[in-house]
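Here are the chains, one letter per residue:
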Amino acid sequence: MKPTRMTIVRIALIAIGLAGLFGGAVILVQKERPDQILGVIIWIGAAIIVHDGILSPLLLLVDVWMRRAGRRIPYAVLAIIQGGVVVGAIMSMLVLPEIYKKSIGSKNPTILPLDYGLNLALFWAAVAVLTAAACALYLRRARARPAPVE
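What counts as what
Residues numbered from 1 in each chain as written. Predicted model: local features only at pLDDT ≥ 70, side-chain atom pairs only at ≥ 80, totals over all residues. Heavy atoms only, no water. Helix = DSSP H or I, 4+ residues; strand = E, 2+ residues; numbered from the N terminus. Rg over C-alpha atoms; globule rule 2.2 N^0.38 Å. Buried < 20%, exposed > 50% of the residue type's maximum accessible area, 1.4 Å probe, protein only. Areas by Shrake-Rupley, 256 points an atom, 1.4 Å probe, with all protein chains shown as cover. Lys, Arg positive; Asp, Glu negative; His and termini not counted. Charge placed at Lys NZ, Arg CZ, Asp CG, Glu CD. Patch = residues over 30% accessible without salt bridge, like charges linked within 9 Å, V, L, I, M, F, W, Y side chains within 5 Å. Salt bridge = Lys/Arg side-chain N within 4 Å of Asp/Glu carboxyl O. pLDDT = per-residue confidence, 0-100. Expected span 1.5 Å × (residues − 1). Contact = heavy atoms within 4.5 Å. Axes fitted to C-alpha atoms, helices over the stretch in contact; angles between N-to-C directions. Parallel < 35°, antiparallel > 145°, perpendicular 65-115°, else oblique. Nonpolar A, V, L, I, M, F, W, Y, C, P; charged D, E, K, R; others polar. Polar contact = N/O pair within 3.5 Å; in protein donor to acceptor, adjacent residues only side chain to side chain. Left-handed = near helix turned anticlockwise from the far one by under 90°.

**Notes on the overall build of the protein chain**
Here is step 1 of the chain: Of regular secondary structure, the protein chain possesses 4 helices and 0 strands.
Here is step 2 of the chain: Start at the N end of the protein chain and walk to the C end: the helices and strands fall as α-α-α-α.
Here is step 3 of the chain: For 150 residues, the compact-globule estimate of 2.2 N^0.38 gives 15 Å, and the protein chain exceeds it by more than 25% at 22 Å.
Here is step 4 of the chain: Taking all 150 residues of the protein chain together, 12% fall into the buried category.
Here is step 5 of the chain: Carbon together with sulfur atoms contributes 73% to the accessible area of the protein chain, which is approximately 12000 Å² in total.
Here is step 6 of the chain: Each charge class in the protein chain can be summarised by its mean position, and for the 16 positive and 7 negative side chains these summaries are 10 Å apart.

**Here we look at a nonpolar patch on the surface**
Here is step 1 of the chain: Residues Met6, Val9, Leu13 and Ile16 make up a contiguous nonpolar surface patch of roughly 400 Å² in combined accessible area.
Here is step 2 of the chain: Within the element layout of this structure, Leu13 appears in helix α1 (residues 5-31).

**Some thoughts on the environment of Ala125**
Here is step 1 of the chain: Mapped onto the elements, Ala125 comes out in helix α4 (residues 116-144).
Here is step 2 of the chain: Taking the C-alpha atoms as reference, Ala125 lies 43 Å from Gln30; in sequence the two are 95 residues apart.

**Structural notes on the confidence of the model for the protein chain**
Here is step 1 of the chain: Overall, the predicted model of the protein chain reaches an average pLDDT of 88, with 96% of residues at or above 70.
Here is step 2 of the chain: Here helix α2 (residues 34-69) stands out as the least confident element of the protein chain, with mean pLDDT 85; α4 is the most confident, with 95.

**Things to note about α4**
Here is step 1 of the chain: When the terminal C-alpha atoms of α4 are compared, their 41 Å separation across 29 residues agrees well with the 42 Å that a helix rising 1.5 Å per residue should span.
Here is step 2 of the chain: Taken together, the buried residues of α4 touch α3 (75-104).

**Details of the packing of α3 against α4**
Here is step 1 of the chain: Relative to each other, α3 and α4 sit at 175°, their axes nearing to 9 Å. Taken together, the axes of α3 and α4 lie roughly antiparallel to each other.
Here is step 2 of the chain: Of the residues that constitute the contact of α3 with α4, the class distribution is 20 nonpolar, 5 polar and 2 charged.

**Digging into the side chain of Thr131**
Here is step 1 of the chain: Mapped onto the elements of the fold, Thr131 is located in helix α4.
Here is step 2 of the chain: At a separation of 2.7 Å, a polar atom in the side chain of Thr131 contacts the main-chain carbonyl oxygen of Val127.
Here is step 3 of the chain: In contact with Thr131, other than residues within four places in its own chain, are Ile80, Ile81 and Gly84.

**Observations regarding the packing of α2 against α3**
Here is step 1 of the chain: At a minimum axis distance of 11 Å, the contact between α2 and α3 shows a crossing angle of 160°. The angle between α2 and α3 falls in the class roughly antiparallel. Where α2 crosses over α3, the two elements pack in a sense that is right-handed. On α3, the residues that touch Trp43, Ala47, Val50, His51, Leu55, Leu59, Asp63, Met66 and Arg67 of α2 are Tyr75, Leu78, Ile81, Gln82, Val85, Val86, Ala89, Met93 and Pro97.
Here is step 2 of the chain: Of the residues that constitute the contact of α2 with α3, the class distribution is 14 nonpolar, 2 polar and 2 charged.

**With respect to the side chain of Ser92**
Here is step 1 of the chain: Note that Ser92 resides in helix α3.
Here is step 2 of the chain: Not counting chain neighbours up to four residues away, the residues in contact with Ser92 comprise Leu120 and Trp124.

This is the structure in structure tokens:
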């Protein structure tokens, strides 16, 4: 059986990804101390737990709820809202370590000088406003379009 072009592309992408992981692991082992490597392993493990144990189920629940509401809400509006939630969740994943580290303190106060919790809240507010504006713009344009003729 001849492999399809998509199969070849997938195999190539997997090989590139594995090569990148292997190269990163080699550099990590060569450049960092064992305690720092352990810290990286713990951080990656915690990121996986937060993603797979908290964010993914939460987004799944939002998705199920929104799809049930989809009988009343246009699919494009659901997609816009889902996009906003995903962007906010990704930013939260990036900022939560800074919030935690700032809460436990550090020896050098200039390392984390900002109020990351407030900034994350403002980011979520901005995402909510932009998502609502995108939904409103879509609905206005959808109403302005003439109905399809059958």
